[in-house]
Amino acid sequence: MHAKALLKEHVLKIASLTDDEFDYFFSHFKPETFKKGQSIISEGDVVDKEYFVIDGCLKAFFVNDEIKMYILQFAMPTWWASDYAALYNKTKATINVDCVSDVEILSLSNSDREKICSELHQVEHFFRWRTNRGYVAAQKRLLSFMNNDTKTRYEELLALYPALYNTVPKHLIAAYLGVSRETLSRLYNASK
């Protein structure tokens, strides 16, 4: 599906925009492509954009002082990614965003998003809905980490995002779950 059509379908599930309003909204996005392994945001960068995935997969992650990777989010088609703390607070990035595969994205600058939101109420409604949905998902994930064992978290991930297991390398799924690759292999083999 073409980038414009995919974004339009995504937005119109939530917001009512005329064709002219959507065209104006879309005119603020910049198409970009990146190769597998390429970095979009690195720790310490100034962050002024968020990214809507058209094709491929991104990962947002943090590497601690012991060089252990913690994956905060995967972003597949129709998902959004950025370092939102840096974007909204105008601070330097504390997380990294890079490409799990070759990706095609649409980028939207913070200033353009704010401008469009002030001009079109339905666009503001869409972004508020999306932010609220992201907050709820993050809260559910945190509660799952606090309350569930690894097997339950693994099963939740597969139930919510079945395509992820065939798209993302297993060591990255293990990092998302906070377990070793070996533990993930045992869980996968036990679930067959």
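Here the structure is a predicted model, which is why all the values come from computation and not from measurement.

What counts and what doesn't
- Residues numbered from 1 in each chain as written.
- Predicted model: local features only at pLDDT ≥ 70, side-chain atom pairs only at ≥ 80, totals over all residues.
- Heavy atoms only, no water.
- Salt bridge = Lys/Arg side-chain N within 4 Å of Asp/Glu carboxyl O.
- Helix = DSSP H or I, 4+ residues; strand = E, 2+ residues; numbered from the N terminus.
- Buried < 20%, exposed > 50% of the residue type's maximum accessible area, 1.4 Å probe, protein only.

## Some words on the pattern of salt bridges
And then number 1: The tally for this structure, following the rule as stated, stands at nine salt bridges.
And then number 2: When the shortest N-O distance is used, the salt bridge between D23 and K4 registers 2.8 Å. One end of the pair, D23, is in helix α2 (residues 19–26); the other, K4, is in helix α1 (residues 3–12), with 19 residues separating them in the sequence.
And then number 3: Residue class for K4 comes out partly exposed when judged on its relative accessible area of 28%.
And then number 4: Across the salt bridge formed by K151 and E155, the nearest N and O atoms sit 2.7 Å from each other. A residue pair is termed a helical-turn pair when its members lie 3 or 4 positions apart in one helix, as K151 and E155 do in helix α6 (residues 150–160) at four residues.
And then number 5: Note on E155: relative accessible area 37%, which makes it partly exposed.
And then number 6: A cluster of three or more residues bridged by salt bridges with shared partners is formed by E50, R113, E114 and R130.

Treat this as a map of the structure, not an account of what it does.
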